[in-house]
Amino acid sequence: MSTNSNELLEHLRTYLETFEEALVRDAVAGIGWYMRPRQLEPHRLPCLGYLDRAAELAPTNAKPLARFLAAHRNELRWGQTYSAADFGAEFLNRYGWLEVFGTRGPFVNDEVAAGLLILGPDIVYPDHHHIAEEIYIPLTGGTEWHKGDSGFHLREAGEVIHHASNVSHAMRTAKEPLLALYIWRGGPLAQKSTVPGTVAQGRA
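Summary of the structure given here. (Residues numbered from 1 in each chain as written. Predicted model: local features only at pLDDT ≥ 70, side-chain atom pairs only at ≥ 80, totals over all residues. Heavy atoms only, no water.)

For the chain, the helix and strand inventory stands at six helices and ten strands. What you see for the chain is a C-alpha radius of gyration of 16 Å, in line with the 17 Å of a compact globule of 204 residues. Taking the principal axes of its C-alpha atoms as reference, the chain extends roughly 45 × 35 × 30 Å. A buried classification covers 51% of the 204 residues belonging to the chain. The long-range share in the chain, meaning contacts at least 24 apart out of those at least 6 apart in sequence, stands at 73%. Carbon and sulfur atoms provide 50% of the accessible area of the chain, an area that totals close to 9,100 Å². For the chain, the separation between the mean place of its 19 positive charges and that of its 24 negative charges on side chains is 3 Å. (Helix = DSSP H or I, 4+ residues; strand = E, 2+ residues; numbered from the N terminus. Rg over C-alpha atoms; globule rule 2.2 N^0.38 Å. Buried < 20%, exposed > 50% of the residue type's maximum accessible area, 1.4 Å probe, protein only. Contact = heavy atoms within 4.5 Å. Areas by Shrake-Rupley, 256 points an atom, 1.4 Å probe, with all protein chains shown as cover. Lys, Arg positive; Asp, Glu negative; His and termini not counted. Charge placed at Lys NZ, Arg CZ, Asp CG, Glu CD.)

In structure tokens:
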């Protein structure tokens, strides 16, 4: 296992351990941090260009993680769940994720997955849902989040956002990119989300 992967895992763990919220503490307590490594080849995506700005925007406790991602972006395996047929080519240019541990990342875990999501400026991640419970912690602010029957609400960096199993949710960015940490548990960890409809691109 590369030193970079081990450092990434340690940055992720250190950041999560700064949170006092019960939901995050419960999730962290359920993670066995000594995980079997998995050898993966690096994979780059167009959205990695937003990492420098995300590192600038990240609050103090998130900067080590965000700066590590920016510095080592080309050495990591980034992925995409969707294709151009799902949301269009422009969405794919501004979207990607990096699983740190789970069923696809550099550390093997069949019970819980965690990683980072990137969304570029001025796009909508349409309504979608999945069986796994999801916890999000944005490392950058300025993105609007929606779930269930609620409207869109602006969320700041460091807020804890909870999506229960099969609750529909969406995000839309403004002038700044989104970098967010995610945790999945209690369901298939590599499931492609169900997309019941679309949210109009752009802002109201």
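A regular strand places its side chains so that they alternate between the two faces of the sheet. Residues His169 and Met171 of strand E9 (residues 169-172) are buried on one face, and the alternating residues Ala170 and Arg172, pointing to the opposite face, are buried as well. When strand E4 (residues 124-128) meets E9, the two strands line up antiparallel, connected through three bridges. Counterpart to histidine 128 in the pairing with E9 is histidine 169. Where strand E6 (residues 143-147) lies against E9, four bridges are found, and the strand directions are antiparallel. Note that in E9 the partner of glutamate 144 across the bridge is arginine 172. (Pairing = 2+ DSSP bridges.)

Here the focus is the nonpolar core. With 41 residues, the main nonpolar core has Leu69 and Phe101 as its most contacted residues. Going through the elements one at a time, helix H1 (3-16), helix H2 (22-29), helix H3 (51-57), helix H4 (63-71), strand E1 (95-102), strand E3 (112-119), strand E5 (133-138) and strand E10 (178-185) are the ones with two or more residues in this core. In this structure leucine 69 touches Leu8, Leu51, Leu76, Trp78, Leu98, Leu116 and Leu179, once residues within four positions along its chain are discounted. In this structure, Tyr82, Leu119, Met171 and Leu178 belong to the second largest nonpolar core, which totals 21 residues. (Core = buried A, V, L, I, M, F, W, Y, C linked by side-chain atoms within 4.5 Å.)

Another point: the environment of glutamate 21. Looking at where glutamate 21 falls in the secondary structure, it is placed in the loop between H1 and H2. Separated by 161 residues in sequence, glutamate 21 and tyrosine 182 place their C-alpha atoms 15 Å apart.

Before going further, it helps to spend a moment on unusual backbone geometry. Leaving glycine aside, a negative phi is the common case for residues, and trans is the common case for peptide bonds. With phi around 60°, aspartate 122 is a residue other than glycine that occupies positive phi space. Among the secondary structure elements, aspartate 122 is positioned in the loop between E3 and E4. Its relative accessible area of 48% is what places aspartate 122 among the partly exposed residues. One non-glycine residue with positive phi stands out, namely asparagine 166, at about 60°. Along the polypeptide, asparagine 166 turns up in the loop between strand E8 (161-163) and E9.

Turning to the sheet that holds E6, a few remarks are in order. Strand pairing in a sheet relies on backbone hydrogen bonds. The paired strands run either parallel or antiparallel. Reading across the sheet, the four strands line up as E4-E9-E6-E7 and stay open at both edges, with antiparallel pairing between neighbours. Because the sheet does not close on itself, it has two edges, and the strands there are E4 and strand E7 (153-155). In this sheet, neighbouring strand axes are inclined to one another by 25° on average, regardless of whether the strands run parallel or antiparallel. (Axes fitted to C-alpha atoms, helices over the stretch in contact; angles between N-to-C directions.)

In this structure, histidine 129 sits in the loop between E4 and E5. A polar side-chain atom of histidine 129 sits 3.4 Å from a polar atom in the side chain of asparagine 166. With residues near it in sequence (within four places) discarded, histidine 129 still touches Asn166, Val167, Ser168, His169, Ser193, Thr194 and Pro196. (Polar contact = N/O pair within 3.5 Å; in protein donor to acceptor, adjacent residues only side chain to side chain.)

Remark: the centre distance and the inter-plane angle together describe each pair of aromatic rings, the angle taken between the planes. Counted according to the given criterion, the structure contains eleven aromatic pairs. Pairing tyrosine 15 with phenylalanine 19 gives two aromatic rings, centres 5.1 Å apart and planes at 85°, and the pair type is edge-to-face. Given a relative accessible area of 7%, phenylalanine 19 falls into the buried group. Taking 5.7 Å as the distance between ring centres and 65° as the angle between the ring planes, the aromatic pair formed by phenylalanine 91 and tyrosine 125 counts as edge-to-face. Residue phenylalanine 91 is located in helix H6 (residues 89-93), and its partner tyrosine 125 is located in strand E4; the two are separated by 34 residues in the primary sequence. For tyrosine 125, a relative accessible area of 6% gives the class buried. Among the aromatic residues, those joined into a ring-pair cluster are Tyr82, Phe87, Phe91, Tyr95 and Tyr125. (Phe/Tyr/Trp six-rings, centres within 6.5 Å; stacked < 30°, edge-to-face > 60°.)

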